[in-house]
Every structure is written in C-alpha cells, then in structure tokens.
Amino acid sequence: MWIRPVERADLLDVLSIERASFSEPWPYAAFESVLDAPAFLVAIRPTDREGGDIVGYVVGDVMPNHGRDIGHIKDLAVRPDARGEGLGRRLLREALFSLSLAGAVVVKLEARESNERALSLYRDEGFEPTRRMPNYYDDGEDALLLVVNLDS
C-alpha cells in the first residue's frame, strides 16, 4: 500500500469510494475544485493492473488565519472492502503531515455524532471535540467539530 497526491485521472475512483461511503456524497465538481489542495491524497493497493487500485483518499486544505494557519480535513474515506486495515489512520497521518508542511498549526474536522468508528480514530490521533454543530448534515444530524494542535 502506498499514498501519493491525487491526480485528475483518479477522480472517478475517488467519487466511487465517496458514493459507497456517505449518504450525502460530494459531487464530482467538488473534488475537481480541490485538486490542488495540499493534502488531497490517495491510497493505492498494488495489483496486476498498472498503477494499482485506489482504495482510499483524504482531502485537506489550509486557510490563513493571522499567522496561525488552520488546516481542515474536509473528507476521508476508505473503500468498503479495504476497511479495518488501518488505511484511514495512515491517510489521516499523511494528511496531517502535509498540512503541517503547508503551514497549518491547528487542524479541524467535522464528524457525524453517530460515527463512532471515525470519532474513535480522530480521538486516537489527538483530536479533541470543541463543539457540537446542530443540524449540520442535510438529514438533521449534528456534527462534532474536532481539533488537533500540530505544534505541540
């Protein structure tokens, strides 16, 4: 398994994973709009096919904030048949490293309050919930805003 920056040719595979993972998937155009994000990474599983298969991705960006730039993990998903292998954790760690290199000192993300698997991963990686965001998702579910400090 290896992780590399996304390429435009990867977007249909990314979209397929997105649709298999979320009830409110991003549209193709949303992925196109973040192609140059500093932490838009894909995980590749070697196969007989040239280049291997994309089995996961993460999208992270950095926003300037008065000298304390904020990273934002916007999306993270692993193909259903590749879950449980630690791939989400590897993608998250690589994204945090990339965001740090891009100047982020703090990284935030939003997660469904009911997504215990994701929340457990984020807590394990040092994220702490800072607030609940009522009715964040289209179906009315609340989100938790989680934050990790990278300069500690």
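Report on the accompanying structure.

What counts as what
Residues numbered from 1 in each chain as written. Predicted model: local features only at pLDDT ≥ 70, side-chain atom pairs only at ≥ 80, totals over all residues. Heavy atoms only, no water. Helix = DSSP H or I, 4+ residues; strand = E, 2+ residues; numbered from the N terminus. Rg over C-alpha atoms; globule rule 2.2 N^0.38 Å. Buried < 20%, exposed > 50% of the residue type's maximum accessible area, 1.4 Å probe, protein only. Contact = heavy atoms within 4.5 Å. Areas by Shrake-Rupley, 256 points an atom, 1.4 Å probe, with all protein chains shown as cover. Lys, Arg positive; Asp, Glu negative; His and termini not counted. Charge placed at Lys NZ, Arg CZ, Asp CG, Glu CD. Phe/Tyr/Trp six-rings, centres within 6.5 Å; stacked < 30°, edge-to-face > 60°. Lys NZ or Arg CZ within 6 Å of the ring centre and 35° of its normal. Polar contact = N/O pair within 3.5 Å; in protein donor to acceptor, adjacent residues only side chain to side chain. Arc of directions from axis to C-beta. Salt bridge = Lys/Arg side-chain N within 4 Å of Asp/Glu carboxyl O.

## Brief notes about the overall build of the chain
The helix and strand inventory of the chain stands at 4 helices and 7 strands. Tracing the chain from N to C terminus, the helices and strands come up as β-α-α-β-β-β-α-β-α-β-β. Taken against the 2.2 N^0.38 rule, which gives 15 Å for 152 residues, the C-alpha radius of gyration of the chain at 15 Å falls within 12% of a compact globule. Along the longest, intermediate and shortest principal axes, the C-alpha atoms of the chain span 45 × 35 × 30 Å. Looking at the 152 residues of the chain, the share that counts as buried comes to 43%. Looking at the chain alone, contacts between residues at least 24 apart form 61% of all its contacts between residues at least 6 apart. Put simply, the chain shows about 8200 Å² of open surface, and 48% of that area lies on carbon and sulfur atoms. The average position of the 18 basic charges and that of the 27 acidic charges among the side chains of the chain differ by 2 Å.

## Things to note about the packing of aromatic side chains
Counted by the stated rule, this structure contains 5 aromatic pairs. On the basis of an interplanar angle of 90° and a centroid distance of 5.7 Å, the ring pair of F31 and Y57 is categorised as edge-to-face. Within this pair, whereas F31 is found in helix α2 (residues 28-33), its partner Y57 is found in strand β3 (residues 53-63), the two being separated by 26 residues in sequence. Seen in terms of ring centroids, Y136 and Y137 are 4.9 Å apart; in terms of plane orientation they differ by 80°. Their pairing is edge-to-face. Here Y137 falls in the buried class, since its relative accessible area comes to 17%. Connected via pairs of aromatic rings, a cluster forms that spans W26, F31, F40 and Y57. One residue, R112, lies across the ring of Y137, its end atom 4.1 Å from the ring centre.

## With respect to the environment of Y57
Classification of Y57 as buried rests on a relative accessible area of 0%. Between the C-alpha atoms of Y57 and P129, which are 72 residues apart in sequence, the distance is 23 Å. Sequence-distant contacts of Y57, defined by excluding residues within four places in its chain, comprise V14, I17, E18, F22, F31, F40, L41, V42, D75, L76, A77 and L91. For Y57, the side chain forms a polar contact with the side chain of D75, separated by 3.4 Å.

## Quick look at helix α1 (residues 11-21)
By the burial criterion, the buried members of α1 are L11, V14, L15, I17 and E18. Down the axis of α1, the buried set is contained in an arc of 160°. They therefore lie on one face. Exposed and facing more than 90 degrees away from the buried side of α1 are L12 and R19. Those residues of α1 that are buried lie in contact with α2, β2 (41-45), β3 and β4 (70-78).

## Here's the deal with the side chain of E18
Among the secondary structure elements, E18 is positioned in helix α1. Buried charge without a salt bridge: E18, with R19 as the nearest opposite-charge side chain at an N-O distance of 8.4 Å. A polar contact is formed between the side chain of E18 and the backbone nitrogen of W26, at a distance of 2.7 Å. E18 has contacts with E24, P25, W26, F31, Y57 and D75, leaving out every residue within four places of it along the chain.

Function cannot be read off these values alone, since they describe shape.
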